[in-house]
Amino acid sequence: MTAQRNVAFRPSSHLTERSLGSRPYRRAKVVEVSQGEVLVVGAGIGGLSTAIALRNVGYDVNVVEIRPTYLGQSAFRLNIPRDPEIDRIILQNDPKGMAGFVPIGPDLAYIFYNTTWDKDVRLDRNDLAEVLREHLAPFGGPAGRVRDKYVDDPSRIMFHPEEWLIAPPPWHSGRIVLIGDAVHAVTPHLGQGAAQAIEDGVVLAECLAYHDGHEEAFRAYAERRYERCRLIVESSVRIGEWEMDPAGNGDFDHAGLTQHVLEAMVQPI
């Protein structure tokens, strides 16, 4: 290990949507490290597709095309004003799904609703509010109040399938390295998707700063990140499987697994 070097990141200017082919990969972020042409691809499962597209237009990228797995659930999400009662994460369950509230700022929270969903059933965006209200119809309490007060504008509601993957190392080829959901897509059950992408960036920057070559840095980055990310991905999948079939997972310890993951997450990265 060498002495620490300063590594500066700046947005890449030589890669555009057009250079990646006819389909715009808007979810993928590509940045360049000032010491050499190192590309970092991530910010969504689309990151892996972007790496494949880079290979198709002439970049030396040897990517194993790992497809994400659909968990069997899909999720609605809507940002709402943070009422005083939303002072922590709140969960409400019914036989068909899980509703919950997450505070994300002094005046802002979001409601989510996870439910078992046939992936082939597609919703028209204009129907999202009506469908979400139907799913929340059995609920009283906070979910019922939010349903009646805020679930009215389909343009403000997000609806996504819950997919996951955990790619084995290496997470790089040549000078291209993958981060975030491109290599460890996680379902939302533990709220760790964005957090793990941020951790990737921190660890990758440290590895690039402390190692002389990009190959050594990329290997060290994946070694530090893989087991931690695998724990989160696999634990989130287990929680989702339990939500879909609690009777078939009668011995599952939701609280115990969540506590185990939280204890792991406070350890140094």
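In this report, the structure presented in the accompanying data block is examined. In this text, all values refer to a predicted model and were calculated from it rather than measured experimentally. (Residues numbered from 1 in each chain as written. Predicted model: local features only at pLDDT ≥ 70, side-chain atom pairs only at ≥ 80, totals over all residues. Heavy atoms only, no water.)

Focus on the overall build of the protein chain
For the protein chain, the count of helices and strands is seven helices and ten strands. Counting all 269 residues of the protein chain, 46% fall into the buried class. Residue pairs at least 24 apart in sequence account for 63% of intrachain contacts in the protein chain once pairs closer than 6 positions are excluded. Summed over its atoms, the accessible surface of the protein chain is roughly 14200 Å², and 52% of this surface lies on carbon and sulfur atoms. (Helix = DSSP H or I, 4+ residues; strand = E, 2+ residues; numbered from the N terminus. Buried < 20%, exposed > 50% of the residue type's maximum accessible area, 1.4 Å probe, protein only. Contact = heavy atoms within 4.5 Å. Areas by Shrake-Rupley, 256 points an atom, 1.4 Å probe, with all protein chains shown as cover.)

What to know about the side chain of Gln-92
Counting through the fold element by element, Gln-92 comes out in strand E5 (residues 90-94). On the basis of relative accessible area, Gln-92 is assigned to the buried category, the value being 15%. Engagement of the side chain of Gln-92 in a polar contact is seen with the backbone nitrogen of Ala-143, the distance being 2.9 Å. Setting aside residues no more than four positions away along its own chain, Gln-92 makes contact with Gly-97, Met-98, Ala-99, Phe-101, Phe-139, Gly-140, Gly-141, Pro-142 and Ala-143. (Polar contact = N/O pair within 3.5 Å; in protein donor to acceptor, adjacent residues only side chain to side chain.)

Topic: the packing of aromatic side chains
Enumeration over the complete set of coordinates arrives at nine aromatic pairs. On the basis of an interplanar angle of 80 degrees and a centroid distance of 6.2 Å, the ring pair of Phe-76 and Trp-117 is categorised as edge-to-face. One end of the pair, Phe-76, is in strand E4 (residues 69-81); the other, Trp-117, is in the loop between strand E7 (108-116) and helix H2 (128-136), with 41 residues separating them in the sequence. With respect to class, Phe-76 is no different from Trp-117; both count as buried. When the centroid spacing of 5.8 Å and the interplanar angle of 40 degrees are considered together, the rings of Trp-242 and Phe-252 count as tilted. Here the residue Trp-242 occupies a position in helix H6 (residues 214-244), and Phe-252 occupies one in the loop between H6 and helix H7 (254-265), the gap between them amounting to ten residues. (Phe/Tyr/Trp six-rings, centres within 6.5 Å; stacked < 30°, edge-to-face > 60°.)

Section: the sheet that holds E4
Ordered by their spatial adjacency, five strands build an open sheet running E5-E6-E7-E4-E8, and the pairing between neighbours is antiparallel. At either margin of the open sheet sits one strand with a lone partner, and together these are E5 and strand E8 (157-164). Here the strands of the sheet are splayed against their neighbours by 20 degrees on average, with no regard to which way each runs. Here strand E6 (residues 97-103) runs beside E7; their pairing, made up of seven bridges, is antiparallel. Note that in E7 the partner of Ala-99 across the bridge is Tyr-113. Running at roughly 90 degrees to E4, H6 makes contact with E4, E6, E7 and E8 of the sheet. (Pairing = 2+ DSSP bridges. Axes fitted to C-alpha atoms, helices over the stretch in contact; angles between N-to-C directions.)

Remarks on a negative patch on the surface
Residues Asp-124, Asp-127, Glu-130 and Glu-134 make up a contiguous surface patch of negative charge. Of note, Asp-127 is situated in the loop between E7 and H2. (Patch = residues over 30% accessible without salt bridge, like charges linked within 9 Å, V, L, I, M, F, W, Y side chains within 5 Å. Salt bridge = Lys/Arg side-chain N within 4 Å of Asp/Glu carboxyl O. Lys, Arg positive; Asp, Glu negative; His and termini not counted. Charge placed at Lys NZ, Arg CZ, Asp CG, Glu CD.)

Describing the pattern of salt bridges
Scanning the entire structure with this criterion turns up twelve salt bridges. Between Glu-199 and Arg-228 there is a salt bridge, with the nearest N and O atoms lying 2.7 Å from each other. With Glu-199 in helix H5 (residues 193-210) and Arg-228 in helix H6, this pair connects stretches of sequence that are 29 residues apart. Judged by relative accessible area, which is 14%, Glu-199 ranks as buried. The closest approach of N and O atoms between Arg-219 and Glu-215, which form a salt bridge, is 3.6 Å.

Comments concerning the pairing of E4
The side chains of a regular strand alternate between the sheet's two faces. Sheet topology places E4 next to E8; seven bridges connect them, and they run antiparallel. When the sheet's bridge partners are listed, Phe-76 is paired in E8 with Phe-159. Inspection of the sheet shows E4 paired to E7 by nine bridges, in the antiparallel sense. Paired with Ser-74 across the two strands is Thr-115, which belongs to E7.

A short note on H7
Over its twelve residues, H7 runs 17 Å from end to end, which matches the ideal 16 Å to within 8%, given 1.5 Å per residue. Within the span of H7, buried status applies to His-254, Leu-257, Thr-258, Val-261 and Met-265. End-on view of H7: buried residues confined to an arc of 100 degrees, all on one side of the axis. Where H7 is buried, its residues contact H5 and H6. (Expected span 1.5 Å × (residues − 1). Arc of directions from axis to C-beta.)

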